[in-house]
Amino acid sequence: MSGFVSLVGAGPGNPELLTLLAKRRLVEADVILYDRLVNPALLMETTAETIDVGKLPHHHKYSQYKINDLLVTLANQGKRVVRLKAGDPYVFGRGGEESQFLKANHVDYEVVPGITSAIAGLGAVGIPITHRDFASSFHVITGHRKKTGEELDWPNIAHQEGTLVFLMGMEQLENIVDNLIKNGKDQQTPVAVIQWATHWNQRSVLSDLTHIAEVVTKEQIGSPALIVVGKVAELMKTLQPKPALFGQHILVPYKLQSRLFSQLQDAGASVGFFQRGASRQLDFQLPDLTKPASLLVYDISAYQSFQEKNNR
Ligand code: SAH
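Residues numbered from 1 in each chain as written. Predicted model: local features only at pLDDT ≥ 70, side-chain atom pairs only at ≥ 80, totals over all residues. Heavy atoms only, no water.

Engineer: How do you make sense of the side chain of Ser-207 when you look at a structure like this?
Structural biologist: Take Ser-207: it is sitting in strand 11 (residues 203-208). For Ser-207, the contacting residues outside a window of four places in its chain are Thr-189, Pro-190, Val-191, Ile-212 and Val-215. (Helix = DSSP H or I, 4+ residues; strand = E, 2+ residues; numbered from the N terminus. Contact = heavy atoms within 4.5 Å.)

Given below as structure tokens:
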């Protein structure tokens, strides 16, 4: 029996921004290989084996070569394999290379499109990627080049009237800004940076080409983020949605089709799940604790983990 690989787009982060086909493939899978940016909430319902092949910048848990190999090996064992990738599988993230490798090894595969962060991430903060008055095209550009040293075509990019969206660009932010200005882009062009778009920890800032690097450093915005250059970015000021529970991350006990989940999501909260009875450390950053006069911790294991974090 021959297996099958689905390269599935997980969407930008919010677990409800998933296609129906992607959802079905997750249910049907025997094994799921997922990336770092994929929301763990998407894996709650699956009984499949899950393998974290996520790559941190400069730290590859699994090399691309090993991922390719694993896909072929698992498929040849007759398994239904889901390769779950952030956003859309064919927008950066090496989905094209994985397809080529599968094809060359005669493995049946399909691509299940996903909502890309390069478009939806802007919408999440109220930026329409095109607008009749401001941008008649958009350009999605990688800030991270192969190590061949070849440069982007900056004169061409800087002269585009449309919206420029840079992915994987945070380490290169100053370089991007310099190149745009050097090649004639107006220094006052609005720039937005959106981190963890549609995730519970979404943050965004708005500035202009001259000042954006400074603002990003001050606000400590890092990867993963989208850098949006163009007049449309300014619309964030008026169009950014701010529902009542925006910015709140609420964990609820996992239950299939939870009404609580939908109601909280609709009020603008980001909802994660926990399994009753299973304790798991949460990955979170402590707020500035120099100001509050007192702090209540309700749970002894939470208190221990708080102490550990505080001592680091
Ligand atoms: N295939 C993905 C992109 C993979 S490249 C997609 O279609 O969205 C990884 C880069 O995507 C990150 O460095 C970041 O620039 C961007 N990215 C992905 N998800 C994001 C999110 N939720 N918020 C901000 N940027 C995101």
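Engineer: How do you make sense of the nonpolar core when you look at a structure like this?
Structural biologist: Among soluble globular proteins, nonpolar side chains are generally buried collectively. Among the nonpolar cores identified, the biggest contains 23 residues, and Phe-166, Leu-180, Val-193 and Ile-227 are the most heavily contacted of them. For this core, the secondary-structure elements that each account for two or more residues are helix 5 (154-158), strand 9 (163-167), helix 6 (173-182), strand 10 (190-195), helix 7 (212-219) and strand 12 (225-229). For this core, the element with the most residues is helix 6, which contributes four residues. With residues up to four places along the chain from it excluded, the contact list for Leu-180 reads Trp-154, Ile-157, Ala-158, Leu-164, Phe-166, Lys-185, Leu-209 and Val-229. Ranked by size, the runner-up nonpolar core spans 16 residues in total, among them Ile-129, Ile-194, Ala-233 and Met-236. (Core = buried A, V, L, I, M, F, W, Y, C linked by side-chain atoms within 4.5 Å. Buried < 20%, exposed > 50% of the residue type's maximum accessible area, 1.4 Å probe, protein only.)

Engineer: What is the right way to read the packing of helix 2 (residues 64-76) against helix 3 (residues 95-104) from this model?
Structural biologist: Between two packed helices, the angle of one axis relative to the other and the distance separating the axes together describe the packing. With their axes 10 Å apart at the nearest point, helix 2 and helix 3 run at an angle of 45 degrees to one another. Judged by the inter-axis angle, helix 2 sits oblique to helix 3. The way helix 2 lies across helix 3 gives a crossing that is right-handed. In this structure, helix 2 uses Gln-64, Ile-67, Asn-68, Asp-69, Leu-71 and Val-72 to contact helix 3, whose residues at the interface are Glu-98, Phe-101 and Leu-102. Taken together, the residues of the contact of helix 2 with helix 3 break down into five nonpolar, two polar and two charged. (Axes fitted to C-alpha atoms, helices over the stretch in contact; angles between N-to-C directions. Parallel < 35°, antiparallel > 145°, perpendicular 65-115°, else oblique. Left-handed = near helix turned anticlockwise from the far one by under 90°. Nonpolar A, V, L, I, M, F, W, Y, C, P; charged D, E, K, R; others polar.)

Engineer: Help me understand the site of the ligand, please; the structure alone is not making it clear to me.
Structural biologist: As a structural note, the neighbourhood of the ligand is formed by 18 residues, with Val-91, Thr-116, Ser-117, Ala-197 and Ala-225 the closest of them. Between the ligand and Ala-86 there is a distance of 2.9 Å, counted from a nitrogen atom to a backbone nitrogen or oxygen. Between an oxygen atom of the ligand and a side-chain N or O atom of Ser-117, the distance comes to 2.7 Å. The protein chains hide 93% of the 540 Å² of surface that the ligand would expose on its own. When the residues that make up the shell around the ligand are grouped by side-chain class, the tally is 13 nonpolar, four polar and one charged. When residues of the shell around the ligand are assigned to domains, at least three fall in each of domain 1 (4-115) and domain 2 (119-239). (Near = heavy atom within 4 Å. Polar contact = N/O pair within 3.5 Å; in protein donor to acceptor, adjacent residues only side chain to side chain. Areas by Shrake-Rupley, 256 points an atom, 1.4 Å probe, with all protein chains shown as cover. Domains from an automatic or database assignment.)

Engineer: I keep staring at the pattern of salt bridges and nothing clicks. Help me out?
Structural biologist: When the charged atoms of two side chains lie near each other, side chains of opposite charge can form a pair. As enumerated under the stated definition, the model contains eleven salt bridges in all. Residue Lys-218 is joined to Glu-219 by a salt bridge in which the shortest nitrogen-to-oxygen separation is 3.9 Å. What emerges from the salt-bridge pattern is a single network uniting Arg-24, Arg-25, Glu-28 and Glu-110. (Salt bridge = Lys/Arg side-chain N within 4 Å of Asp/Glu carboxyl O.)

Engineer: Just checking my understanding: could you explain unusual backbone geometry for this structure?
Structural biologist: Trans peptide bonds make up most of the peptide bonds, and negative phi angles are found at most residues other than glycine. In this chain, Ser-223 is followed by Pro-224 through a cis amide linkage whose omega measures -5 degrees. Tracing the backbone shows Pro-224 in the loop between helix 7 and strand 12. Although it is not a glycine, His-106 adopts a positive phi angle of roughly 55 degrees. Take His-106: it is sitting in the loop between helix 3 and strand 7 (109-112). The phi torsion at Gln-220 lies on the positive side, around 55 degrees, for a residue other than glycine.

Engineer: Would you mind showing me how to read helix 7 here?
Structural biologist: Within the span of helix 7, buried status applies to Ile-212, Ala-213 and Val-216. For helix 7, the buried positions fall inside an angular range of 100 degrees around the axis, keeping them on one side. Away from the buried face of helix 7 by more than 90 degrees, exposed residues Glu-214, Thr-217 and Lys-218 are located. Just downstream of helix 7, Gln-220 is the residue with a positive phi angle, here 55 degrees. (Arc of directions from axis to C-beta.)

Engineer: Before we go on, may I ask you to explain the pairing of strand 1 (residues 4-9) in this structure?
Structural biologist: The side chains of a regular strand alternate, residue by residue, between the two faces of the sheet. With five of six residues buried, strand 1 is to be regarded as a mostly interior element. As judged from the six bridges shared by strand 1 and strand 6 (residues 80-85), these two strands associate in the parallel manner. Considered in strand 6, the bridge of Ser-6 is made with Val-82. Pairing of strand 1 with strand 7 involves four bridges; the strand directions are parallel. Note on strand 7: the bridge partner recorded for Val-5 is Tyr-109. (Pairing = 2+ DSSP bridges.)

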